[in-house]
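# Structural features, examined
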Amino acid sequence: MQTSPTIPVPVLRPPRGPDGLSRGFAPDGRRASLKLEVPEIQECPEFQEQRARAALRERYLRSLLAMVGNQVSFTLHEGVHVAAQFGATDLDVANFYVSHLQTPIGVQAEALLRCSDIISYTFKP
């Protein structure tokens, strides 16, 4: 079986930038005028609400990321307090994976806590 010889393919690169190190074009060059001007979006109530929701979601996800590997105290329904080392959450944030779960009955090596059962949680980063 014969293999065909490899054919070199030329690589196209943009010219050097104005600083001499980067690749690209000068921001005040002749191509800069081709950029489209984006009109400012009016701050309607729906847009403000969407921005607020996005900011809250980002804070929540950052708090989950900060909890990984830390001791977390959970308050569940019926006033039950448990503590565990936080591991992870699933994609839908419906369950928390924890280890060393300390319950009023005893210690569980690993467990899944349903988020619908959790009233609140606290941790120190």
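Preceding this paragraph is the structure being described.
The shown structure was predicted, so the numbers you read here are calculated from the model rather than taken from an experiment. (Residues numbered from 1 in each chain as written. Predicted model: local features only at pLDDT ≥ 70, side-chain atom pairs only at ≥ 80, totals over all residues. Heavy atoms only, no water.)

## Description of helix H1 (residues 45-67)
- The end-to-end C-alpha distance of H1 is 33 Å, a good match for the 33 Å that 23 residues give at a rise of 1.5 Å each.
- Of the residues making up H1, those classed as buried are Ser63, Leu64 and Met67.
- On its buried face, H1 is in contact with strand E1 (71-76), strand E2 (81-89), strand E3 (95-102) and strand E5 (118-123).
- At the exit of H1 stands glycine 69, carrying a positive phi of roughly 85°. (Helix = DSSP H or I, 4+ residues; strand = E, 2+ residues; numbered from the N terminus. Expected span 1.5 Å × (residues − 1). Buried < 20%, exposed > 50% of the residue type's maximum accessible area, 1.4 Å probe, protein only. Contact = heavy atoms within 4.5 Å.)

## Points about the sheet that holds E5
- Reading across the sheet, the five strands line up as E4-E3-E2-E1-E5 and stay open at both edges, with antiparallel pairing between neighbours. Two strands lie at the open edges of the sheet, namely strand E4 (107-114) and E5, each paired on one side alone. Here the average twist between neighbouring strands, direction ignored, is 40°.
- The sheet contact formed by E2 and E3 spans five bridges and is antiparallel. Each residue of the ladder has a partner; that of phenylalanine 86, found in E3, is valine 98. (Pairing = 2+ DSSP bridges. Axes fitted to C-alpha atoms, helices over the stretch in contact; angles between N-to-C directions.)

## Some remarks on the pairing of E2
- Bridge count between E1 and E2: five bridges; the pairing is antiparallel. Its bridge partner being in E2, valine 72 is matched across the sheet by alanine 84.
- Once E2 ends, the chain turns through five residues before running back antiparallel as E3, passing valine 93 with a positive phi of about 55°.

## Examining the nonpolar core
- Core analysis: the largest hydrophobic core is formed by 16 residues, its most contacted members being Phe74, Phe86, Phe96, Val98, Leu101 and Leu113.
- At the level of secondary structure, the elements contributing two or more residues to this core comprise H1, E1, E2, E3 and E4.
- Beyond its immediate sequence surroundings of up to four residues, leucine 101 is in contact with Val82, Ala83, Ala84, Gly106, Val107, Gln108, Ala111 and Leu113. (Core = buried A, V, L, I, M, F, W, Y, C linked by side-chain atoms within 4.5 Å.)

## Things to note about the pattern of salt bridges
- Enumeration according to the criterion identifies three salt bridges in this entry.
- Across the salt bridge formed by arginine 62 and glutamate 58, the nearest N and O atoms sit 2.9 Å from each other. Here the residue arginine 62 and the residue glutamate 58 both occupy positions in helix H1, the gap between them amounting to four residues, near one helical turn.
- One salt bridge connects arginine 114 with aspartate 117, and the closest N-O pair in it is separated by 2.7 Å. (Salt bridge = Lys/Arg side-chain N within 4 Å of Asp/Glu carboxyl O.)

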